[in-house]
Amino acid sequence: MANSGNNSAIARPYAQAIFEHAQQAGQLVLWSDALHAAGTVVSDSRVDALIGAPATDNGKLNELIADIVGKASAGIDTAQLTNLLKLLTENGRLNVLPDIASGYDSLKAEIENRVEVTLVAASPVDDAQQAKIVDALKKRFGRDVSLTFELDESLIGGARLQADDLVIDGSVSTGLEKLATTLAN
C-alpha cells in the first residue's frame, strides 16, 4: 500500500470527480456517507487481504462492498457506486477509498464555508477548552470550524491541531524529537 501522502495525491482527482457529480445531483451528504462506509469496509483487515489477491473475484468483491455500503447509505445509487468501485479496482486504487472520502469531505467543507479540524491531545480536553479553541480557529480561518477530538497518550503532553494542510504541533513528543535531532547534529 502506498504511503498516506501519495494516497492523498492519488485520491484527489477521484474525490473531485465524485464531488462534482454529487453536487450536481444534490447528494453531497449521501455520497459523503457512502464514501466513508466504503472506506471503512476496505480498511477492514479481512477485506484488505482480498484486495489485489490473485484468487479474488474482483467483480464479486465490488458487489459485496457496494451491497454493504448500499445498506449503510440508503438512497445511494448502487450502480454508480459499483462503477466507481470497478474503476478503482481496475486502477489498483480500491485501498485509497478512505483518502478519497477525506478529500471529498474537504471539498464539501470548502463550499459549506467550514473547516474540519482535528485536535489530538495527550490528555482529555473538556468542552469549555474545546469551545475556546473553536472560537480562536474561527477568527483565524474566517470560517465555521468543525472540531474532532482524539486522545493520543503517546504525545506525552501538549496537543496537535490539523486543519487541511496546516499543522500546529505543540506536543511534548515532537519537542523531544527536535531536541534529539539538534543534539545528534
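Residues numbered from 1 in each chain as written. Predicted model: local features only at pLDDT ≥ 70, side-chain atom pairs only at ≥ 80, totals over all residues. Heavy atoms only, no water.

### Examining the nonpolar core
Going by this rule: We call a set of buried residues a nonpolar core when its members are Ala, Val, Leu, Ile, Met, Phe, Trp, Tyr or Cys and they connect through side-chain atoms within 4.5 Å of each other. The rule is simple: take the accessible area with a 1.4 Å probe, protein chains only, and divide by the maximum for that residue type; under 20% is buried, over 50% is exposed, in between is partly exposed. Secondary structure follows DSSP: runs of H or I at least 4 residues long count as helices, runs of E at least 2 residues long count as strands, and numbering of each begins at the N terminus.
Counting residues in hydrophobic clusters, the biggest one holds 31 residues, and the most contacted among them are Trp31, Leu35, Ile65, Leu94, Leu97, Ile100 and Tyr104. Among the elements that take part in this core, helix H2 (residues 28–43) stands out by supplying 9 residues, more than any other. Counting 11 residues, the second largest nonpolar core, distinct from the first, contains Val115, Val117, Ala121 and Leu137.

### Some thoughts on the side chain of Lys108
Let me state the cut-off plainly: The contact rule is simple, with two residues in contact once any of their heavy atoms fall within 4.5 Å.
In this fold, Lys108 is placed in helix H6 (residues 97–111). Assessed through its relative accessible area of 11%, Lys108 is described here as buried. Look past the residues within four positions of Lys108 in its chain and what remains in contact with it is Phe19, Leu28, Val29, Ser32 and Arg114.

### Considering the sheet that holds strand S1 (residues 114–121)
Stated formally: In this scheme, strands are said to pair when DSSP sees at least two bridges between them. Only the contacting stretch of a helix is used when fitting its axis, a line to C-alpha atoms as for every element, and angles between N-to-C directions run 0 to 180 degrees.
Reading across the sheet, the 4 strands line up as S2-S1-S3-S4 and stay open at both edges, with mixed pairing between neighbours. Since the sheet does not close on itself, it has two edges, and those belong to strand S2 (144–151) and strand S4 (166–169), each with one partner. Strand-to-strand twist in this sheet, taken as the mean axis angle between neighbours without regard to direction, amounts to 15°. For strand S3 (residues 159–163) and S4, the ladder comprises 4 bridges, and the chain directions are antiparallel. Bridge pairing links Leu161 to Ile168 in S4. Helix H7 (residues 127–141) contacts S1, S2, S3 and S4 of the sheet and is inclined by roughly 135° relative to S2.

### Focus on the packing of H2 against helix H4 (residues 58–72)
Between two packed helices, the angle of one axis relative to the other and the distance separating the axes together describe the packing. To be explicit about the condition: For classification, angles of less than 35 degrees are called roughly parallel, those exceeding 145 degrees roughly antiparallel, those between 65 and 115 degrees roughly perpendicular, and all remaining angles oblique. Left-handed is the label given to a crossing in which the near helix is rotated counterclockwise from the far helix by less than a right angle, and right-handed is the label when the rotation is clockwise. Three classes are used, and their members are as follows: Ala, Val, Leu, Ile, Met, Phe, Trp, Tyr, Cys and Pro are nonpolar, Asp, Glu, Lys and Arg are charged, and the others, Gly among them, are polar.
Between H2 and H4, the shortest axis-to-axis distance is 9 Å and the interhelical angle comes to 135°. By the criterion of interaxial angle, the relationship of H2 to H4 is oblique. The element H2 and its partner H4 pack so that their crossing is right-handed. Facing Ala34, Ala37, Ala38, Val41 and Val42 of H2, the residues of H4 in contact are Ile65, Ile68, Val69 and Ala72. Taken together, the residues of the contact of H2 with H4 sort by class into 9 nonpolar, no polar and no charged.

### Regarding the packing of H4 against helix H5 (residues 78–90)
Where H4 contacts H5, the two axes come as close as 9 Å, and the packing angle between them is 135°. The orientation of H4 with respect to H5, classified from their angle, is oblique. Here the hand of the crossing between H4 and H5 comes out right-handed. Of the residues in H5, those in contact with Asn58, Asn62, Ile65, Ala66, Val69 and Gly70 of H4 are Thr78, Leu81, Thr82, Leu85, Lys86 and Thr89. Here the contact of H4 with H5 is composed, by residue class, of 5 nonpolar, 6 polar and 1 charged.

### Quick notes on the environment of Tyr14
Looking at the element boundaries, Tyr14 is found in helix H1 (residues 4–25). Given the relative accessible area of 16%, Tyr14 is considered buried. Between the C-alpha atom of Tyr14 and that of Gln130, which follows or precedes it by 116 residues, the distance is 33 Å. Contacts of Tyr14, omitting those with residues within four sequence positions, involve Leu87, Leu88, Asn91, Arg93 and Ile100.

### Some points on the pairing of S1
This is how it is decided: Seen with its strands pointing away from the viewer, a crossover is right-handed if its path from the first strand over the helix to the second goes clockwise.
Summarising burial for S1: 6 of the 8 residues are buried, a large majority. Where S1 and S2 come together, 8 bridges link them in parallel fashion. When the bridges of S2 are listed, Val115 appears paired with Val145. Taken together, S1, H7 and S2 constitute a β-α-β crossover, and its handedness is right-handed. Across 5 bridges, the pairing between S1 and S3 is antiparallel.

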